Amino acid sequence: MEDEQQLAKVITEMPNFVQEYTLMQSMKQYFAALRHTRGHNPEGSPIDLEVLLLLKLILGSVDNPIQTLHSVGIIIIGDEIAINANYLKTFLSTCRSRINNSMKHLGWELSNHDKTTKSELLQPLVDRKDSRNWTIRIIPPTSAVYTFIHENPSVRLRMTTNQPQELSLGQIILEPGQGDDNSDQYKKDASSPNMYGMKMN
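About the cut-offs
- Residues numbered from 1 in each chain as written.
- Predicted model: local features only at pLDDT ≥ 70, side-chain atom pairs only at ≥ 80, totals over all residues.
- Heavy atoms only, no water.
- Helix = DSSP H or I, 4+ residues; strand = E, 2+ residues; numbered from the N terminus.
- Buried < 20%, exposed > 50% of the residue type's maximum accessible area, 1.4 Å probe, protein only.
- Contact = heavy atoms within 4.5 Å.
- Areas by Shrake-Rupley, 256 points an atom, 1.4 Å probe, with all protein chains shown as cover.
- Polar contact = N/O pair within 3.5 Å; in protein donor to acceptor, adjacent residues only side chain to side chain.
- Phe/Tyr/Trp six-rings, centres within 6.5 Å; stacked < 30°, edge-to-face > 60°.

1. Concerning the overall build of the protein
Step number 1: When you go through the protein residue by residue, the secondary structure sums to eight helices and six strands.
Step number 2: Mapped in sequence order, the helices and strands of the protein form the string α-α-α-β-β-α-α-α-β-α-β-α-β-β.
Step number 3: Burial analysis of the protein (201 residues in total) assigns 41% to the buried set.
Step number 4: Considering only intrachain contacts with a sequence separation of at least 6, the fraction spanning at least 24 residues in the protein is 70%.
Step number 5: Here the protein displays about 10900 Å² of accessible surface, and carbon together with sulfur accounts for 50% of that area.

As structure tokens, this is what we get:
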């Protein structure tokens with residue numbers, strides 16, 4: 001009986017796994033092609049627009065965007081973004097130095113959280129030991145990413161960085177009056193063959 005229940009659970013979750021796996025492979029192929037045509041020059045393909053594209057595609061394609069974003073090396077916390085460059089470079093087909101230098105050049109400054117606060121902010125997605133592999137940067141208010149996360153709070157692990165809380169995986173603290181009202185629009189955008197002049201095959 002227990003085996004049957006476990007099998008039923010696997011079958012139920014399989015479509016989500018296949019959907020996420022397909023999305024991951026498509027993103028890798030797209031950015032590999034982008035690097036081939038535009039190279040690693042930040043001006044050829046700004047890193048903030050690449051992050052925005054990832055956010056839109058993931059929000060419009062999976063049921064748990066926070067978990068999937070974590071898998072590619074992104075965690076949104078309040079108005080800040082945690083980056084694991086080792087993860088992210090794989091999906092963007094680039095190198096750590098391009099990611100870090102481009103973000104610094106665009107004004108995505110490093111936050112001043114101490115180690116304890118940083119670890120608490122990244123929980124429950126990242127354990128204390130692994131938190132050293134993540135850097136937290138402040139998203140400039142002028143960035144399109146800043147606007148997007150305010151319009152789509154479901155991509156945020158937390159709504160604030162002021163008071164870290166113990167959260168269950170995927171739990172969201174929504175701002176009053178906010179929800180997923182804009183998600184349909186971004187799902188529509190994500191399904192478009194051209195987004196910021198970039199085509200997904």
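So much for the structure itself; the text now carries on.
2. Remarks on the side chain of Arg98
Step number 1: With respect to the element layout, Arg98 can be found in helix α5 (residues 96-105).
Step number 2: Look at Arg98 and you get buried, because its relative accessible area is 5%.
Step number 3: Within the local environment of Arg98, its side chain forms a polar contact with the side chain of Glu50, the two groups lying 3.1 Å apart.

3. As for the packing of aromatic side chains
Step number 1: Tallying each qualifying case throughout the model produces two aromatic pairs.
Step number 2: Seen from their ring centres, Tyr30 and Phe31 are 5.0 Å apart, and the 75° between their planes marks the pair as edge-to-face.
Step number 3: According to the relative accessible area criterion, Tyr30 is buried, its value standing at 8%.
Step number 4: Residue classification places Phe31 among the buried residues on the basis of a relative accessible area of 0%.
Step number 5: Aromatic side chains Tyr87 and Trp134 sit 6.0 Å apart centroid to centroid with 90° between the ring planes, which places their arrangement in the edge-to-face category.

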